[in-house]
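Spelled out from the first residue to the last, the chains are:
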Amino acid sequence: MPTLRIDGKEVTVENGTTILKAAESIGIIIPHFCYHPELSIAGNCRMCVVEVERMPKLQTACSTEVSDGMVVHTTTDRVVNARRAIMEFLLINHPLDCPICDQAGECRLQDYSVRYGMASSRFAEEKVKSVKREIFGPHVIYDGERCIKCTRCIRFCYEITKTGELDMFFRGDHSTVGIFPERDLKNDYSGNVVDLCPVGALTLREFRFKSRVWDLKKVNTICPACGRGCNIIAWVKDNRIFRLTPRFNPHVNRSWMCDHGRLSHEFLYRSERLVSPEIMNAERRRLNWKEAFDCVTDALKSILQNHGSGSIHLVVFPFITNEDAFLILKVLKDVFPKSTVSIPIIEIGEDDSLLIRKDRTPNRRGVEEIFREVSSRIISVDDAAKRVKEGMIKSLVVLGEGLTGANDCNILADTPISPLEFSLFIGSFKPWNANDFSAMLPASTWAELDGTFTNFEGFVQRIFPSVLSSCESRPLWKIVQELGSRIGTRCAFRSASSVFEKLAEEHQSYRELRYFSLTDESRIKK
Amino acid sequence: MELILTKNIHKLNSESIDVYLSGGGYRSHEKALKTMTPDQVIEEVKKSGIRGRGGAGFPMGGKWGFVPKDDSRPHYMVCNADESEPGTFKDRIIIEKDPHLLIEGIIIGSYAIRAHLAFIYIRGEYVHGYNILKKAIAETYDKGFLGKNILGTGFNLDLILHRGAGAYICGEETALMDSIEGKRGNPRLKPPFPAQIGIFKNPTNINNVETLANVPAIIEKGGEWYSKIGRANNTGTKLYCLSGHIKRPGVYELPLGIPLRELIYNHGGGMLQDDRKLKAVIPGGSSVPVLTADQVDVLMDFDSLQAAGSMLGSAGIIVMDDSVCMVKATHRITKFYAHESCGQCTPCREGTGWMEKLLRRMEAGRGENGDTELLYDVAQNILGNTICPLGDAAAMPVMSFVEKFREEFEFHISNKRCMV
């Protein structure tokens, strides 16, 4: 374990650590463009040069491994002058179009210019012309004049997705990132190159020109698009999500997210929202919540009286949070003791080797874990459909479909609902067969909720409300709680956290987890 | 003086294996393979004191010694025949006139570093040289000097001839390795050095054509003998490439340490036009700092030229008389490096282009006050801050031309024309 001194501070690190990482471990941040912890070392931007005693040349901190007794200086005049020179070089052919550049506000060139930039340019020549808006793929567009040729995007495509669509073309100051002939940057993770780009050269076609980044509020949350549960940041303005970007979590998604997840917020604005409770009562009517609860409770009570709870079937989509699932479990145990449940499978394609899970629901693991107590009552959707046909099921309650906005999955397609005595839908978006339901209650989407998802590996992760509900929706667990207490359960939780605390108390797998102290590593017990 | 590298070139059909054999060729590799261990070969080369002829002047024996001995990975021997430095045409003579001297050197070198696969990376423009080498390698295979079980010693060696595609940067050893691997030739970060992680991540040794062509003589006559040629720490003979304003340009084989004056006036026949005066000499290919006329008494070897503030480099000596505009000369050199910069690292990519544009403007009579200082400053900002030596190669001539001929740059700016 070598010990070295960086700017007078002593630090001991593992063999093979680079100066940049060693410095980072004691809080000295060395500026850099091309270095990225997840990618191979390129050492081409030369911004991270530092002075190492007994070495004649300045060394790149990103690539130089430490050795015992090394003495490193990161702020000497020589280092600062070299960085000034690098900044000058990077900016001579740069368009300096910050006022119209999407990267402004999160641009490394801007940030480092504050410290290492010059007030005026010494460059009096004509700038190198390059491509301004080359379409790399369905999500990514390239500006060659803003590009600083750090090759992060190229390395990402070679090393992480292993698809290798991009490479450097031409030489010298005419070199430019390009795409190989007859290829498109359309791998499942192409959006990540936009996050990787330290400048405004690569922009997301869905986000560019939509907003200045400093106007956006950042909310840490979880991607709802598959079982992986990538940690993400939702960028919000005017009560609307503008973009989603990955948030580093070494155990779940590292620094990446897939394109499907990156654009999952678009579903929220694409489908028709269920804005208020609707009851089919001779004619379709919108009711307020109190009337709606009265109606639904009466209907459920009469079914219970006439046919017993065995005639009620619940379809629980694993788009719901753990808290929702816990309240549903309470109702299943207390007032629907003989009801059956099915948890539809929603799968697209195959699991890939990086992040994407074929299971496109964010909380299957959590729902199954919580429903383990009633596992004998879980039947498949096909069996449920059969029982409907045979008349054993008189009433259907569909929970959570479309909670993430992904309501294009026609899971109920083959299950006729209209002949049933009573059918209840609790979800966020109008299902394709909305007219068949006796009653529909609007639930909040994942973007409006507090709660937790359990990913396929058992990591329990909190989601946070990014936006306020624009309609009368309520969290699903609150709706279930209200219905349950009107029929006969006894619970009165006030917040998602109190539901989770109770869940942790009652459920073996969740024991010892605390809602407000969930970390990157919190996971359910096997 | 006994010729080592050019002893065969005047023979008829000197490139054929029969002529080479009749001149005593392929005796050294037999001696090495049959009577010496690889370590003894390295020892002999170390004794000779020979330093790399590609430009950097690193001792060859030491370089061979860096290749790990107890390593299960395959080792590779590479001959760098990507001779592209402006003013340099020495390797070409060996390749075209005496290819077997080179091949014999490669076989001995491969044996010494325990390589069973060797490459010759030849620049794409050397089409004639490529054809000759191709034929020479085929002949060598036919004689059994290459291939399996060479001369019954159990030593196997294959030799691959690889053509470059026209990039100057592929003469830089790590870019050359990338190019051999089939990638775009970009220099790699060092460390790791090629001896540890080279071609296909295996230990690799790279030597220049001229360096390897010395090996047969060293093995035949001993390192001791070789070390007596030239000067201390600068042993052996050297191929000097004379070009520019000189009566007899060409390749001259002479011992290291010969005075530059002697080269220009005795061997080169003096200035091309007798009424012109010597103005400047670039002693080691266009990338090294220029010498002024009063510096021509310098000895042409690694150490003396370094002491004089320049470098031996590839010994491509470009002679300029007083008709040369130094701004134009600087621009021409800089244009080459700006064109050949791989574009990988910031200072070289942006800086060489900037210098080229600045010089173009000055040369066109649109220079402004302060441009000379700016030019010098840009060059200084490139120097030492790049991944590979191309940045230095672009910066050093600019800095030296400005240092030594500043008044010409200033004249160009204020009078909008050449001083000469």
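In the block above lies the structure referred to throughout.
Participant: Break down the pairing of strand β8 (residues 166–169) of chain A for me, with residues and values.
Facilitator: Here is the key point about a regular strand: its side chains alternate between the two faces of the sheet. Residues and elements named next belong to chain A. Judged from the four bridges that link them, β8 and strand β9 (residues 176–179) form a sheet pairing that is antiparallel. Its bridge partner lying in β9, D167 is registered against G178. Counting the residues that bridge the hairpin from β8 to β9 gives six residues, and of these F170 lies at a positive phi of roughly 65°.

Participant: So what about the pairing of strand β9 (residues 250–255) of chain B? Which residues, and what values?
Facilitator: All names here are of chain B. Looking at chain direction, strand β8 (residues 237–244) and β9 are connected through six bridges and run antiparallel. Counterpart to Y240 in the pairing with β9 is Y252. Here β8 folds back onto β9, and the loop between the two strands holds five residues.

Participant: If you had to explain the packing of helix α3 (residues 38–48) of chain B against helix α6 (residues 99–112) of chain B to someone new, which residues and values would you point to?
Facilitator: Residues and elements named next belong to chain B. Taken N-terminus to C-terminus, the directions of α3 and α6 make an angle of 120°; their axes are 8 Å apart at the nearest point. Considering their axes alone, α3 and α6 lie oblique with respect to each other. Here P38, V41 and I42 of α3 lie close against α6, whose contacting residues are I108, Y111 and A112.

Participant: So what's going on with the sheet that holds strand β3 (residues 49–52) of chain A? Residues and values would help.
Facilitator: Residues and elements named next belong to chain A. Here we have five strands laid out as an open sheet, ordered β2-β1-β5-β3-β4, and mixed in their pairing. The outermost strands of the open sheet, each flanked by one partner alone, are β2 (9–12) and β4 (59–60). Pairing analysis gives two bridges linking β3 to strand β5 (residues 71–73), with the strands arranged antiparallel. Directly across from E51, in β5, lies its bridge partner H73.

Participant: Can you tell me about unusual backbone geometry, naming the residues and giving the values?
Facilitator: Residues and elements named next belong to chain B. Of note, the amide linkage connecting K190 to P191 takes the cis form, showing an omega dihedral of -10°. In this model, P191 is joined to P192 through a cis peptide bond whose omega is 0°. Inspection of the secondary structure assignment puts P192 in the loop between α8 (173–180) and β5 (204–208). A positive phi is found at N13, a non-glycine position, where the angle reads about 55°. Here N13 shows up in the segment before α1 (17–22). Its identity is not glycine, yet Y26 carries a phi of approximately 60°, on the positive side. Position of Y26 relative to the elements: it lies in the loop between α1 and α2 (27–35).

Participant: Account for the pattern of salt bridges, naming residues and giving values.
Facilitator: Residue and element names in this part refer to chain B. Using the criterion set out here, one finds 64 salt bridges over all chains in the structure. Residues D18 and K143 are paired through a salt bridge, measuring 3.8 Å at the closest nitrogen-oxygen approach. Taken together, the residues D18 in helix α1 and K143 in helix α7 (residues 127–143) connect sequence positions 125 residues apart. The class of K143 is partly exposed, set by a relative accessible area of 42%. When the shortest N-O distance is used, the salt bridge between R361 and D371 registers 3.2 Å.

Participant: Could you give an account of the side chain of D98 of chain B, naming the residues involved and the relevant values?
Facilitator: Residue and element names in this part refer to chain B. Considering the arrangement of structural elements, one finds D98 in the loop between α5 (90–97) and α6. Among buried Asp, Glu, Lys and Arg side chains, D98 stands out as unpaired, with K7 the closest opposite charge at 5.7 Å. A distance of 2.9 Å separates a polar atom in the side chain of D98 from a polar atom in the side chain of N8. Contact partners of D98, with chain neighbours within four places excluded, come to L5, N8, S14, Y20 and I93.

About the cut-offs
- Residues numbered from 1 in each chain as written.
- Chains lettered and ligands numbered in written order.
- Predicted model: local features only at pLDDT ≥ 70, side-chain atom pairs only at ≥ 80, totals over all residues.
- Heavy atoms only, no water.
- Pairing = 2+ DSSP bridges.
- Helix = DSSP H or I, 4+ residues; strand = E, 2+ residues; numbered from the N terminus.
- Axes fitted to C-alpha atoms, helices over the stretch in contact; angles between N-to-C directions.
- Parallel < 35°, antiparallel > 145°, perpendicular 65-115°, else oblique.
- Contact = heavy atoms within 4.5 Å.
- Salt bridge = Lys/Arg side-chain N within 4 Å of Asp/Glu carboxyl O.
- Buried < 20%, exposed > 50% of the residue type's maximum accessible area, 1.4 Å probe, protein only.
- Lys, Arg positive; Asp, Glu negative; His and termini not counted.
- Polar contact = N/O pair within 3.5 Å; in protein donor to acceptor, adjacent residues only side chain to side chain.

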